[in-house]
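One letter stands for each residue in the lines below.
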Amino acid sequence: MTLLMHRVDPAKNSYRFYALSLEPTLFGDVALVRRWGRIGTRGRQIIELHPDEGSASTAMLRHRLKRQRHGYEAL
């Protein structure tokens, strides 16, 4: 599951993206991969490991709501 979000404000020269994805690991955990940065760049990335898909989905929802409060919109 992947969620792509963006925040575009030409007046401030702000073109940002934020991506969240759930990916299985080799050890049975679920990784929440968060990527962010300026549109057109590689950006930065953090991987959070969770013991099951339920806790990873909860964390994904928490990050999505936080980004929406900061003006990001889902694509």
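Let me sum up the structure you'll find in this document. Given the structure is predicted, the values throughout are model-derived calculations rather than measurements.

1. Here's the deal with the pairing of strand β3 (residues 30-38)
(1) Moving on: Of the strand pairs in this sheet, strand β2 (residues 14-24) and β3 are connected by 9 bridges, and their pairing is antiparallel. Note on β3: the bridge partner recorded for Ala 19 is Arg 35.
(2) Moving on: Where β2 hands over to β3, the hairpin turn is made up of 5 residues, of which Gly 28 adopts a positive phi near 90 degrees.
(3) Moving on: Relative to strand β4 (residues 44-50), β3 runs antiparallel, the two sharing 7 bridges. Note on β4: the bridge partner recorded for Leu 32 is Glu 48.
(4) Moving on: With antiparallel pairing between neighbouring strands as the criterion, β3 and β4 make up a hairpin whose turn holds 5 residues, including Gly 40 at a positive phi of roughly 95 degrees.

2. Describing the pattern of salt bridges
(1) Moving on: A complete count under the given rule lists 2 salt bridges for this structure.
(2) Moving on: With a shortest N-O distance of 3.8 Å, Glu 23 and Arg 35 are connected by a salt bridge. Taken together, the residues Glu 23 in strand β2 and Arg 35 in strand β3 connect sequence positions 12 residues apart.
(3) Moving on: Judged by its relative accessible area of 29%, Arg 35 is partly exposed.
(4) Moving on: Salt-bridge contacts for Glu 48 lead to Arg 34; the nearest nitrogen and oxygen are separated by 3.1 Å. Taken together, the residues Glu 48 in strand β4 and Arg 34 in strand β3 connect sequence positions 14 residues apart.

3. Observations regarding the side chain of Ser 21
(1) Moving on: On the secondary structure map, Ser 21 appears in strand β2.
(2) Moving on: With relative accessibility at 3%, the residue Ser 21 sits in the buried group.
(3) Moving on: Here the side chain of Ser 21 touches Glu 23 through a polar contact of 3.2 Å, side chain to side chain.
(4) Moving on: Setting aside residues up to four positions removed in sequence, Ser 21 forms contacts with Met 1, Thr 2, Ala 31, Leu 32, Val 33, Arg 35 and Met 60.

Cut-off values and rules
Residues numbered from 1 in each chain as written. Predicted model: local features only at pLDDT ≥ 70, side-chain atom pairs only at ≥ 80, totals over all residues. Heavy atoms only, no water. Pairing = 2+ DSSP bridges. Helix = DSSP H or I, 4+ residues; strand = E, 2+ residues; numbered from the N terminus. Salt bridge = Lys/Arg side-chain N within 4 Å of Asp/Glu carboxyl O. Buried < 20%, exposed > 50% of the residue type's maximum accessible area, 1.4 Å probe, protein only. Polar contact = N/O pair within 3.5 Å; in protein donor to acceptor, adjacent residues only side chain to side chain. Contact = heavy atoms within 4.5 Å.

Treat this as a map of the structure, not an account of what it does.
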